[in-house]
There are 2 protein chains.
Amino acid sequence: ADTEAMDLARAHQDRLTKPRGALGALEDVAVRLAGVAGACPPPLPAPAALAIFAGDHGVHAQGVTPWPQEVTTQMVANFLAGGAVANAFAAQAGASVTVVDVGVAADLPEAPGLVSRKVAYGTADLSQGPAMTSDQAVAALEAGIAVAVDLIDAGAACLITGDMGIANTTASAALICAFTGHDPALATGRGTGVDDTTLELKIAVIRRALEINGLSTPPASAAPPAVSEGVSEALRTLAAVGGLEHAALAGFILASAAARVPVILDGVIAGSSALVAVALSPHAIDYCVAGHRSAEPGHGVALDHLGLRALVDLDLRLGEGTGALLAYPLVGSAVRVMHEVATFDSAGVTDKDTRPTSP
Amino acid sequence: ADTEAMDLARAHQDRLTKPRGALGALEDVAVRLAGVAGACPPPLPAPAALAIFAGDHGVHAQGVTPWPQEVTTQMVANFLAGGAVANAFAAQAGASVTVVDVGVAADLPEAPGLVSRKVAYGTADLSQGPAMTSDQAVAALEAGIAVAVDLIDAGAACLITGDMGIANTTASAALICAFTGHDPALATGRGTGVDDTTLELKIAVIRRALEINGLSTPPASAAPPAVSEGVSEALRTLAAVGGLEHAALAGFILASAAARVPVILDGVIAGSSALVAVALSPHAIDYCVAGHRSAEPGHGVALDHLGLRALVDLDLRLGEGTGALLAYPLVGSAVRVMHEVATFDSAGVTDKDTRPTSP
């Protein structure tokens, strides 16, 4: 990120007609986006484009979710028909919706709004061995990069991550454990709403996945593994316990950073994918805004590890990009302040800090 | 509120293509708005109208803030010129902005967007006796009612509270102490950013105001005073330690409730005004949505007392309606879901709860 633009943005915030720091976390967002664009004020993050990456998961066979796998395909159809929550939120926010088949376990009919970048018909079962081959993981990464590049070429000034994949909170938790060193018991949640028995099973499955794939989980109290432990190890981890949509999202984030376009992260799937992206390219984090904090415990772990503060925290646990879509107008508001708000000087408003400090 | 419409809204949420409860607090917002309108789905809360009630405070003379009193007038000019943060956020949210002079301590020139309902040139010093006469408090209440009625008559389907008044966090904290029984040390904050010395002074001033006005502050651990302690006592409290903009905001909230239009509350000034409104008419709370939780400790106290959960929590401490404006698209998103999202049946998506529960 451009630290000079960030310094300028911070100084500009302090001249605006409001008490210093009175916009709280939104001031940090505006400064961050100045760093992303290398400009102060940063450009308004509009138009925005949501990409929902859909993929299936071999680990579904372990019974980690009560939802049948076919729901991934059904929800893709729902997105394309405009009937999902993500569509409603995107309409409210003024964001476009693109659905990307990067690994759905069925053949999908062509449809407007559907981009086919299918790498495989779902992953293999991560609790039995690697979920993907290296080639698959890289192909999915490249698919995410290509989608981001296409959206940015078409004019998107802000990307929003979305995902759909029954059982993908299991892969997310496994990635989070592998990248942060947290125990599966701390990073695994109820996803779309599993009962106690299934949650226990899910934790055990993730533990087995980490073991069988040779992914060490040092105690969380120990220092986190160095981010620079290597691109090849990051790719190996992604292939071992990630999903095709996770790989694509990591690529999406990396491409966003490369193009200096901000990307708003949705929930735990995006958070775990961001861990992959950052392991591949540490500076990618500077281009990410955490849209929301989901009810999944692993998401909090990932956000803490990434050093991101979420803008929306309303116990959402839906995915699809819904939390990030809710955050989008907040990001827009933060940037708009930099363009439209008067300074103390220009508005003729007395600044308390230019007066004697005694009352 | 219409509990039948709320039950219908809850049942409808459960049929939508998402896991039950997956929209967290936004599901409660949609249900609440169904109760407000007495309809399921409730109407989209658009267009929205922000009213910024401006007033000055005699307690400013006690040195409770480093900002000079003239900043109230200057900021009104800034709002009217479109240069404040509230203007930028309103533009982002698509809300109209009306500025209401209910008690600014200066004569304001007529201007488009400015409604003159001046009751007095600021309040008296609440630490020396009542801030307002009963007649003034009632007149300011009526001003707020009139503004709400005018905005609703002009088509507003959602009202948003805003405020401007140097020293108004002092009056807010005093109201919160009087209505909730909390000690001033717990309910008083730094407002626009006072130092430790001024904070101590501010707490002492509020303590003196409560004493001199005969407002008991029972220990917060005791049961809160019954809401029904009487309209006359509520009015007396408002007049004693409130501001003209607090009185107007209480009227604004009451009129909103009477018209069955939702009102999004901003920060600590709106929260303390809502305590007044609820003391006058307990059902008014059903029509309120807490837009945000400000950095002021008294605001958390007020929200807890009102039983409201804030939608945005980003350490804002600006006022003007800024926090409520940020929440407005979230409210819109919550309601839009009720109109646009497909049900499991209509979309042909398999619902986990209609299948055998074993995986």
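Residue positions are counted from 1 within each chain, in the order its sequence is given. Each chain takes a letter, starting from A, and each ligand takes a number, starting from 1, following the order in which they are written. Note on the predicted model: pLDDT of at least 70 is required for a residue's local features to be given, and 80 or more for side-chain atom pairs to be given and counted; whole-chain, interface and lining totals, by contrast, use all residues. Side-chain calculation: all heavy atoms of the structure are included, whereas hydrogens and water are not.

In the annotation of an unreviewed UniProt entry, chain A is listed under the name Nicotinate-nucleotide--dimethylbenzimidazole phosphoribosyltransferase and assigned to Sphaerisporangium rhizosphaerae. UniProt positions are given in the numbering used here, feature names are shortened, and annotations may be inferred rather than shown by experiment. Of the comments in the UniProt record for chain A, the one headed Sequence similarities (unreviewed entry) reads "Belongs to the CobT family." UniProt, in its Pathway (unreviewed entry) section for chain A, records the words "Nucleoside biosynthesis; alpha-ribazole biosynthesis; alpha-ribazole from 5,6-dimethylbenzimidazole: step 1/2."

Describing the packing of helix H10 (residues 244-258) of chain B against helix H11 (residues 268-280) of chain B
Residues and elements named next belong to chain B. In the contact formed by H10 and H11, the axes pass within 8 Å of each other and the chain directions differ by 60 degrees. Viewed along their axes, H10 and H11 adopt a mutual orientation that is oblique. Between H10 and H11 the crossing geometry is right-handed. The residues of H11 that touch H10, namely those facing Glu245, His246, Leu249, Ala250, Ile253 and Leu254, are Ile269, Ala270, Ser272, Ser273, Ala274, Val276, Ala277 and Leu280. Note on residue classes: Ala, Val, Leu, Ile, Met, Phe, Trp, Tyr, Cys and Pro are nonpolar, Asp, Glu, Lys and Arg are charged, and everything else, Gly too, is polar. Class assignment of the residues belonging to the contact of H10 with H11 gives a composition of 10 nonpolar, three polar and one charged. Only the stretch in contact is used when fitting a helix axis, every axis being a line fitted to C-alpha atoms; angles between N-to-C directions are given from 0 to 180 degrees. Each helix corresponds to a stretch of at least 4 residues labelled H or I by DSSP, and each strand to a stretch of at least 2 residues labelled E; elements are numbered beginning at the N terminus. In this scheme, roughly parallel covers angles under 35 degrees and roughly antiparallel covers those over 145, while 65 to 115 is roughly perpendicular and the rest are oblique. Crossings are classed by handedness, with left-handed meaning an anticlockwise turn of the near helix from the far one by less than a right angle and right-handed meaning a clockwise turn. Here, residues are in contact when the closest pair of their heavy atoms is within 4.5 Å.

Description of unusual backbone geometry
Most of the time, phi is negative for any residue but glycine, and the peptide bond is trans. All names here are of chain A. A cis amide bond, omega -5 degrees, links Cys40 with the succeeding residue Pro41. Summarising the element assignment, Pro41 is placed in the loop between helix H2 (25-37) and strand S1 (48-55). That bond from Ala46 to Pro47 is cis: its omega, 0 degrees, falls within 30 degrees of zero. On the secondary structure map, Pro47 appears in the loop between H2 and S1.

Focus: the relation of the copies chain A and chain B
Overlaying chain A on chain B yields an RMSD of 0.0 Å, the required transformation being a rotation through 180 degrees with an accompanying axial translation of 0.0 Å. Both copies are brought into coincidence by an operation consistent with a two-fold rotation axis. Looking at the rotation axis and the C-alpha trace of chain A, the residue lying nearest is Val312 of chain A, at 3.3 Å. The residues that chain A uses at the interface reappear at the interface of chain B in 100% of cases, marking a shared surface. Least-squares superposition of the copies uses the C-alpha atoms of those residues scoring a pLDDT of at least 70 in each of them.

Focus: the UniProt feature "active site" (unreviewed entry) in chain A
Listed under "active site" (unreviewed entry) in the UniProt record, and renumbered for this structure, are Glu320 of chain A. On the secondary structure map, Glu320 of chain A appears in the loop between helix H12 (297-306) and helix H13 (322-340). For every residue, the accessible area obtained with a 1.4 Å probe (protein chains only) is divided by the maximum for its type, and the residue is called buried under 20%, exposed over 50%, and partly exposed between those limits. Judged by relative accessible area, which is 2%, Glu320 of chain A ranks as buried. Setting aside anything within four residues of it in sequence, one finds Glu320 of chain A in contact with Leu50, Ile52, Met75, Phe79, Ala84, Val85, Ala86, Gly162, Asp163 and Asp266 of chain A together with Thr17 of chain B. Here Ala86 of chain A takes part through its backbone nitrogen, which lies 3.0 Å from a polar atom of the side chain of Glu320 of chain A. N or O atoms within 3.5 Å of each other form a polar contact, as long as, within protein, one can give a hydrogen and the other can take it, and as long as residues adjacent in sequence are counted only when both atoms are side-chain atoms.

Regarding the nonpolar core
The nonpolar core is taken to be a set of buried Ala, Val, Leu, Ile, Met, Phe, Trp, Tyr and Cys residues, with the residues joined through side-chain atoms within 4.5 Å. In this structure, Leu26, Ile160 and Leu311 of chain A together with Leu26, Ile160 and Leu311 of chain B are the most contacted members of the largest nonpolar core, which totals 116 residues. Setting aside chain neighbours within four positions, we find Leu311 of chain A in contact with Leu26, Val29, Val289, Ala290, Gly291, Ala327, Leu330 and Val331 of chain A together with Leu314 of chain B.

Considerations on the side chain of Thr343 of chain A
All names here are of chain A. Mapped onto the elements, Thr343 comes out in the loop between H13 and helix H14 (344-347). With relative accessibility at 17%, the residue Thr343 sits in the buried group. Separated by 3.0 Å, the side chain of Thr343 and the backbone nitrogen of Ser346 make a polar contact. Sequence-distant contacts of Thr343, defined by excluding residues within four places in its chain, comprise His12, Arg15, Leu16 and Thr17.

Let's talk about the sheet that holds strand S4 (residues 158-164) of chain B
Note: strands within a sheet are paired through backbone hydrogen bonds, in either parallel or antiparallel orientation. Residues and elements named next belong to chain B. Spatially, S3-S2-S1-S4-S5-S6 is the arrangement adopted by the six strands of the open sheet, whose pairing is parallel. With one partner strand each, in any of the chains shown, strand S3 (114-116) and strand S6 (288-290) form the two edges of the open sheet. Direction aside, neighbouring strands of the sheet carry axes that sit 30 degrees apart on average. Along the sheet, H10 contacts strand S1 (48-55), strand S2 (95-103), S4, strand S5 (263-265) and S6; its crossing angle with S4, the most-contacted strand, is approximately 175 degrees. Strand pairing requires that DSSP identify at least two bridges connecting the strands.

Considering the layout of surface pockets
Residue and element names in this part refer to chain B. Residues are said to line a cavity or pocket when one of their atoms sits within 4 Å of a point; the points come from a 1 Å grid over protein atoms alone, cavities being sets where a 1.4 Å probe fits but cannot get out and pockets being open sets with protein on both sides within 12 Å along at least five of seven lines. Grid points are joined across faces, edges and corners, and a volume is the space filled by probe spheres set on the points. Reported here for the largest pocket is a volume of approximately 230 Å³. Around the largest pocket sit 14 residues that line it, and Ala25, Asp28, Val29, Arg32 and Arg309 are the ones nearest its centre. The set of elements that each furnish at least two residues to the lining of the largest pocket consists of helix H1 (3-15), helix H2 (25-37) and S6. Of the residues forming the lining of the largest pocket, the biggest block, five residues, is contributed by H2.

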